[in-house]
Amino acid sequence: MTDTDRAAVSLDDLPLRDDLRGLQPYGAPQAPLPVALNVNENTHPVPDAVADEILDDIAVALQQVNRYPDREFTTLRASFAEYLGHGLDAQNMWAGNGSNEVLQHILQAFAGPGRTVFGFAPTYSMYPLLAQGTGARWAAGERQPDYTITAEDAAAQVAAADPDVVLLCTPNNPTGTPLGIDVVEAVYEAARGVVVVDEAYQEFAPREAPSALSLLEGRPRLAVSRTMSKAFAFAGARVGYLAADPVFIDALRLVRLPYHLSGLTQAAAVAALRNAPTMLAMVDEIVGQRERISATLEALGYAPHESWTNFVLFGGVSDPAATWRALYERGVLIRDVGIPGHLRVTAGTEAETTAFLDALASIGSAS
Ligand SMILES: *Cc1c(COP(=O)(O)O)cnc(C)c1O
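Being a predicted model, the structure only gives us computed values, none of them experimental. (Residues numbered from 1 in each chain as written. Predicted model: local features only at pLDDT ≥ 70, side-chain atom pairs only at ≥ 80, totals over all residues. Heavy atoms only, no water.)

1. Examining a nonpolar patch on the surface
Consideration 1: Together, Val-9, Leu-11 and Leu-14 give the surface a local cluster of nonpolar side chains, amounting to about 260 Å² of exposed area.
Consideration 2: On the secondary structure map, Leu-11 appears in the loop between helix 1 (3-8) and strand 1 (35-36). (Patch = residues over 30% accessible without salt bridge, like charges linked within 9 Å, V, L, I, M, F, W, Y side chains within 5 Å. Areas by Shrake-Rupley, 256 points an atom, 1.4 Å probe, with all protein chains shown as cover. Salt bridge = Lys/Arg side-chain N within 4 Å of Asp/Glu carboxyl O. Helix = DSSP H or I, 4+ residues; strand = E, 2+ residues; numbered from the N terminus.)

Given below as structure tokens:
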């Protein structure tokens, strides 16, 4: 094909699905800046000792890479069950290439054309896109001005919307807000469809905070998703997982591609989970930096929201786009999540956090 041919063809010339016409591919900007605090990664590398063990196990898996991997990833599912506790075992577990794929499996099985997916906005920006990808309709519920939701209000909104899938993100991205498990219980009672609790940031919540995992028993329409992308510092490996009733897992088997999790991914994740305490050793340090960010932002005149995650959403920014750009020019990448007067920053290492706070102080854009 010549360059002229290439230029002549546009997406409009292809027989694309009507509901995808005019859309742009989604993704946060990936810019090679020295301080990248825009996508809530764990900015600490995998500890050397664990990295060596992961490499050894990948080497073993590589010897069998001519064969398809275990389609049921049984060892990995048992490892996740052991990590989560709560009386779960391998048959309660599911996994995918990131929890985004796990959520996609859920929507492929329980949403789709003519069905509705519901969440309380503002929430994870991928939810509407995942819904759209399966041809389902996204319906947004509302939160209080401080982004909290009461059990009563949540249940009433869910009952009114009558969705096929409810996605509850707790602690919530992009706001950091925790959701009480009384809210999950009330939403489950009010819902006819499945209820998914996305606990991507649970490891950064206070230790004593209950997880929705404690509600799984006797609730077959409930699922709790987690990821290794955040606390486990494993974003590049792409591993997310879910706990639910074994029957719920059977529904996901109907839509997954056979062998969707590569043998190398399975080996890497099992080795990482075997070393969970070491992998999670930086969580307390990150929580410390998050608290430092909140305190400093307040002193600078901004309005940080309470966060149980590894990031802070802060208001009081007079011109978010201009502040984002000024930080970018100082080598610091954060996130403009589209909430008026707000920006979101991930808690990095102490040095990265200092770089962000110093750069922001030098801009002075509090309104
Ligand atoms: C980061 C994040 C995920 C994780 O996505 P992966 O596909 O596992 O990397 C899931 N849910 C929320 C709310 C997130 O912020």
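2. Some points on the packing of aromatic side chains
Consideration 1: Per the counting criterion, the structure on display carries 12 aromatic pairs.
Consideration 2: Arranged with centres 3.9 Å apart and planes meeting at 15 degrees, the rings of Phe-80 and Tyr-241 form a pair that is stacked. Linking Phe-80 in helix 3 (residues 74-84) with Tyr-241 in strand 8 (residues 240-244), this pair joins segments that are 161 residues apart in sequence. Residues Phe-80 and Tyr-241 agree in their burial class; the two are buried.
Consideration 3: With a centroid separation of 5.5 Å and an interplanar angle of 80 degrees, the aromatic rings of Tyr-302 and Phe-314 are classed as edge-to-face. Taken together, the positions of Tyr-302 in the loop between helix 11 (283-299) and strand 9 (303-304) and Phe-314 in strand 10 (residues 311-315) put the pair 12 residues apart, joining distant regions of the chain.
Consideration 4: On the accessibility criterion, Tyr-302 (6% relative accessible area) is buried.
Consideration 5: An aromatic cluster of at least three residues, connected via ring pairs, comprises Tyr-124, Tyr-127 and Trp-138. (Phe/Tyr/Trp six-rings, centres within 6.5 Å; stacked < 30°, edge-to-face > 60°. Buried < 20%, exposed > 50% of the residue type's maximum accessible area, 1.4 Å probe, protein only.)

3. Here we look at helix 9 (residues 263-274)
Consideration 1: Along its 12 residues, helix 9 runs 17 Å from first to last C-alpha, staying within 8% of the 16 Å computed at 1.5 Å per residue.
Consideration 2: For helix 9, the tally of buried residues reaches nine of 12 residues, placing the bulk of the element in the interior.
Consideration 3: Among the residues of helix 9, Thr-265, Gln-266, Ala-267, Ala-268, Ala-269, Val-270, Ala-271, Ala-272 and Leu-273 are the ones counted as buried.
Consideration 4: Contact partners of the buried residues in helix 9: helix 2 (48-62), helix 3 and helix 10 (276-279).
Consideration 5: One side-chain oxygen at the N-terminal end of helix 9 lies 3.2 Å from the backbone nitrogen of Leu-264; it belongs to Ser-262. (Expected span 1.5 Å × (residues − 1). Contact = heavy atoms within 4.5 Å. Polar contact = N/O pair within 3.5 Å; in protein donor to acceptor, adjacent residues only side chain to side chain.)

4. A look at the site of the ligand
Consideration 1: Contacts to the ligand come from 13 residues, most closely from Ser-99, Tyr-201, Thr-227, Ser-229 and Lys-230.
Consideration 2: Asp-198 has a polar side-chain atom sitting 2.7 Å from a nitrogen atom of the ligand.
Consideration 3: Arg-238 is positioned with one of its side-chain polar atoms (N or O) 2.8 Å from an oxygen atom of the ligand.
Consideration 4: Along the lines of polarity and charge, the residues of the shell around the ligand split into four nonpolar, six polar and three charged. (Near = heavy atom within 4 Å. Nonpolar A, V, L, I, M, F, W, Y, C, P; charged D, E, K, R; others polar.)

5. Some words on the sheet that holds strand 12 (residues 343-346)
One key point about sheets: their strands pair by backbone hydrogen bonds, in either a parallel or an antiparallel sense.
Consideration 1: Read from one edge to the other, the open sheet built from three strands follows the order 9-10-12, with strand pairing classed as antiparallel. Edge positions in the open sheet fall to strand 9 and strand 12, since each of these has one partner strand only.
Consideration 2: Both strand 9 and strand 10 contribute to a ladder of two bridges, which runs antiparallel. Of the residues in strand 10, the one forming a bridge with Ala-303 is Gly-315.
Consideration 3: Where helix 11 meets the sheet, its contacts fall on strand 9, strand 10 and strand 12, and the angle it forms with strand 10 comes to roughly 15 degrees. (Pairing = 2+ DSSP bridges. Axes fitted to C-alpha atoms, helices over the stretch in contact; angles between N-to-C directions.)

6. Some thoughts on the environment of Glu-208
Consideration 1: Along the chain, the position of Glu-208 falls in the loop between strand 6 (194-198) and strand 7 (222-227).
Consideration 2: On the accessibility criterion, Glu-208 (66% relative accessible area) is exposed.
Consideration 3: The sequence separation of Glu-208 and Thr-175 amounts to 33 residues, and the corresponding C-alpha distance is 21 Å.

7. Digging into the domain arrangement of the chain
Consideration 1: Domain assignment breaks the chain into domain 1 (3-45 + 281-363) and domain 2 (48-278).
Consideration 2: Of note, the centres of domain 1 and domain 2, computed from C-alpha atoms alone, are 23 Å apart.
Consideration 3: Taken together, the 27 residues of domain 1 in the interface contact 30 residues of domain 2.
Consideration 4: Summing the contributions of domain 1 and of domain 2, the shared interface buries around 2,200 Å²; its carbon and sulfur component is 61%.
Consideration 5: Among the residues of domain 1 in contact with domain 2, Tyr-26, Val-283 and Trp-308 are the three that bury the most area, contributing 29% of the side total. (Domains from an automatic or database assignment. Buried area = accessible area lost by both parts, 1.4 Å probe.)

8. Some words on the UniProt feature "domain: Aminotransferase class I/classII large" (unreviewed entry) in the chain
Consideration 1: Summarizing the sequence annotation, UniProt attributes the feature "domain: Aminotransferase class I/classII large" (unreviewed entry) to residues 35-360 in the numbering used throughout.
Consideration 2: Secondary structure content for residues 35-360 is 40% helix and 15% strand, and the end C-alpha separation is 13 Å. (UniProt positions renumbered as here; feature names shortened; annotations may be inferred.)

9. Some thoughts on the pattern of salt bridges
Consideration 1: Enumeration according to the criterion identifies 14 salt bridges in this entry.
Consideration 2: Ionic pairing is found between Arg-17 and Asp-19, a salt bridge with its closest N-O pair at 3.0 Å.
Consideration 3: In this structure Arg-17 comes out as partly exposed when scored by relative accessible area, which is 40%.
Consideration 4: Residue Asp-19 is classed as partly exposed on the basis of its relative accessible area, which comes to 36%.

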